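Observations on chain architecture
Here is how the chains run, residue by residue.
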Amino acid sequence: MNILVSGGVGFIGSHVVTELLNAGHNAIIVDDLSNSEITTIDRIKQITGKSNILFYQEDVTNEATMKDIFSKNQIDGIIHLAGYKSVGESVSKPLLYYQNNILATIILAKMCLEFNVANFVFSSSATVYGDKLSPLREDMVLGSTTNPYGESKVISEKILSDLVDAHPSLKVSILRYFNPVGAHSSGLIGEKPKGIPNNLMPYITMVASGQLDQLKIFGDDYDTVDGSGVRDYIHVVDLAKGHLVALEGLKQGLSIYNLGTGRGTSVFELVETFQRVNQVGIPYQIVERRPGDIATCYADTSKIKNELGWEAKLSIEDMVRDSWRFFAKQESD
Ligand code: WQD
């Protein structure tokens, strides 16, 4: 199929496009390169040995531009990944997050109706569960997300749910990511945030390389195995494969799936694993809790396993090894 991937040059997007090409699909990428680099496209081609990627450096929220792209290409499906994703930044710039993240979903949904595209996979986030108790299940009533980023995902999910109610022939799958980390084993694509990272794994890699002097661990007094925050880290390659399974398994109506491992890992456990596997020290300091953080978040992964036969296969050791390999390769290139 010809699949339009919004945000297809980004950390998640580049891994999703890689899996699409590996499976014989064609990718049409729309990405404004606000948080990604165009060299990633050549690296995807290098990894896959394929070149059936069409790239548009455009803003998905520009309806006229998107109409032009859809009128020039036979699009069979959409994987919508484009969006701003920093929780902290969303609190200081709510309008930017609401406009960008929600309007992008609306524009792509309109393209589905206007160009008869029935297949739609949407990138959502475990953030939508708010402070609900883990393991988190797709049929839970959603919690309060405490930030505009999370709210933009809740609202986008609602938009897609109402769209399917009005157009039952559409096939929509909402994928709720837990904590994507790691990188393709080639070391050619991975997570390369611009500036100081918000998330734990990229921060750890920058401390490991000496670019940052120490990791600040946000609290060790949570009610968890060792007091530090527990999260469901999922390898980005597993996550990407989950998108392919969701796309090829689309059925009429709306489906919602957790993309996680079902296992929780604490900050201390992740730091220890990174140090042990990569033989590198991570100096750290324990500081105050980060506002908005919850103690524990991990998935119930039974629904996607039972319905689509998918489960994550890569380990925390794979995640820290692949993250470090990508980071070290960037430094040497
Ligand atoms: C993980 C753990 C922190 C940084 C967010 C978004 C979520 C998704 C993933 C987009 C927590 C601790 C972190 C640091 C630390 N993003 N930590 N020091 O907050 O679980 O999820 O990113 O989809 O939607 O909410 O991820 O990596 O920021 O934090 O101690 O410098 O690491 O307290 O326990 P989070 P994270």
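In short, a report on the structure.

So, how was this worked out
Residues numbered from 1 in each chain as written. Predicted model: local features only at pLDDT ≥ 70, side-chain atom pairs only at ≥ 80, totals over all residues. Heavy atoms only, no water. Buried < 20%, exposed > 50% of the residue type's maximum accessible area, 1.4 Å probe, protein only. Helix = DSSP H or I, 4+ residues; strand = E, 2+ residues; numbered from the N terminus. Arc of directions from axis to C-beta. Contact = heavy atoms within 4.5 Å. Polar contact = N/O pair within 3.5 Å; in protein donor to acceptor, adjacent residues only side chain to side chain. Salt bridge = Lys/Arg side-chain N within 4 Å of Asp/Glu carboxyl O. Axes fitted to C-alpha atoms, helices over the stretch in contact; angles between N-to-C directions. Parallel < 35°, antiparallel > 145°, perpendicular 65-115°, else oblique. Left-handed = near helix turned anticlockwise from the far one by under 90°. Nonpolar A, V, L, I, M, F, W, Y, C, P; charged D, E, K, R; others polar. Pairing = 2+ DSSP bridges. Near = heavy atom within 4 Å. Areas by Shrake-Rupley, 256 points an atom, 1.4 Å probe, with all protein chains shown as cover. 1 Å grid on protein atoms, 1.4 Å probe; cavity = no way out; pocket = protein on both sides within 12 Å on 5 of 7 lines; lining within 4 Å. Points joined across faces, edges and corners; volume = space filled by probe spheres on them.

1. A short note on helix 3 (residues 63-72)
Within helix 3, burial applies to Thr65, Met66, Ile69 and Phe70. An end-on view of helix 3 places all buried positions within 130° of arc, on one side of the element. For helix 3, the exposed residues lying more than 90 degrees away from the buried face are Ala64 and Lys72. On its buried face, helix 3 is in contact with strand 1 (2-6), strand 2 (26-30), strand 3 (53-56), strand 4 (77-80) and helix 5 (94-114). The N-cap residue of helix 3 is Asn62: its side-chain oxygen and the backbone nitrogen of Ala64 are 3.1 Å apart.

2. Regarding the pattern of salt bridges
Here the structure, examined in full by the defined rule, presents 18 salt bridges. Two residues, Arg176 and Glu157, come together in a salt bridge whose shortest N-O distance is 2.7 Å. Within this pair, whereas Arg176 is found in strand 6 (residues 171-177), its partner Glu157 is found in helix 6 (residues 148-166), the two being separated by 19 residues in sequence. By relative accessible area, which is 2% here, Arg176 ends up buried. For the salt bridge of Asp293 with Arg290, the shortest nitrogen-to-oxygen distance reads 3.0 Å. Among the residues examined, Asp293 registers a relative accessible area of 22% and is labelled partly exposed.

3. Structural notes on the packing of helix 7 (residues 200-208) against helix 9 (residues 267-278)
Two elements in contact, helix 7 and helix 9, have axes whose closest approach is 11 Å; the angle formed by their N-to-C orientations is 40°. Considering the angle they form, helix 7 stands oblique to helix 9. Here helix 7 runs over helix 9; the crossing is right-handed. Between helix 7 and helix 9, the contacting residues are Leu200, Met201, Ile204, Thr205 and Ala208 on the first element and Val267, Leu270, Val271 and Phe274 on the second. A per-class count over the contact of helix 7 with helix 9 returns 8 nonpolar, 1 polar and no charged.

4. Focus on the packing of helix 3 against helix 5
Two numbers describe how helix 3 lies on helix 5: the axes approach to 10 Å, and their chain directions differ by 40°. As the angle between them shows, helix 3 and helix 5 are arranged oblique. Taken as a pair, helix 3 and helix 5 cross one another with a handedness that is right-handed. Residues Glu63, Met66, Lys67 and Phe70 of helix 3 touch helix 5, and the partners they reach there are Ile107, Leu108, Lys110, Met111 and Glu114. Across the contact of helix 3 with helix 5, the residue classes break down as 5 nonpolar, no polar and 4 charged.

5. So, the sheet that holds strand 2
Taken in spatial order, the 7 strands of this open sheet run 3-2-1-4-5-6-11, and their pairing is parallel. With partners counted over all chains shown, the strands left at the sheet margins are strand 3 and strand 11 (253-259), one partner each. Shown here is a sheet whose adjacent strand axes are inclined to one another by a mean of 20°, direction ignored. Pairing analysis gives 5 bridges linking strand 1 to strand 2, with the strands arranged parallel.

6. Observations regarding the site of the ligand
Lining the immediate environment of the ligand, one finds 18 residues, of which Thr127, Tyr149, Leu200, Arg231 and Asp293 sit closest. A distance of 2.6 Å separates an oxygen atom of the ligand from a polar atom in the side chain of Tyr149. Within the side chain of Arg290, an N or O atom sits 2.9 Å from an oxygen atom of the ligand. In isolation the ligand exposes 680 Å². Once the protein is present, 89% of that is buried. Looking at the shell around the ligand, the element that brings in the most residues is strand 8 (residues 215-218), giving 4 residues. Grouping the amino acids of the shell around the ligand by side-chain chemistry returns 8 nonpolar, 6 polar and 4 charged.

7. Some details on the layout of surface pockets
The space that makes up the second largest pocket amounts to roughly 160 Å³. If you trace the second largest pocket, you find it lined by Glu191, Lys192, Pro193, Gly195, Pro197, Pro202, Thr205, Met206, Gln211, Phe327, Gln330 and Glu331. For the lining of the second largest pocket, the elements supplying multiple residues, two or more each, are helix 7 and helix 11 (316-332). For the lining of the second largest pocket, the residue count by class is 5 nonpolar, 4 polar and 3 charged.

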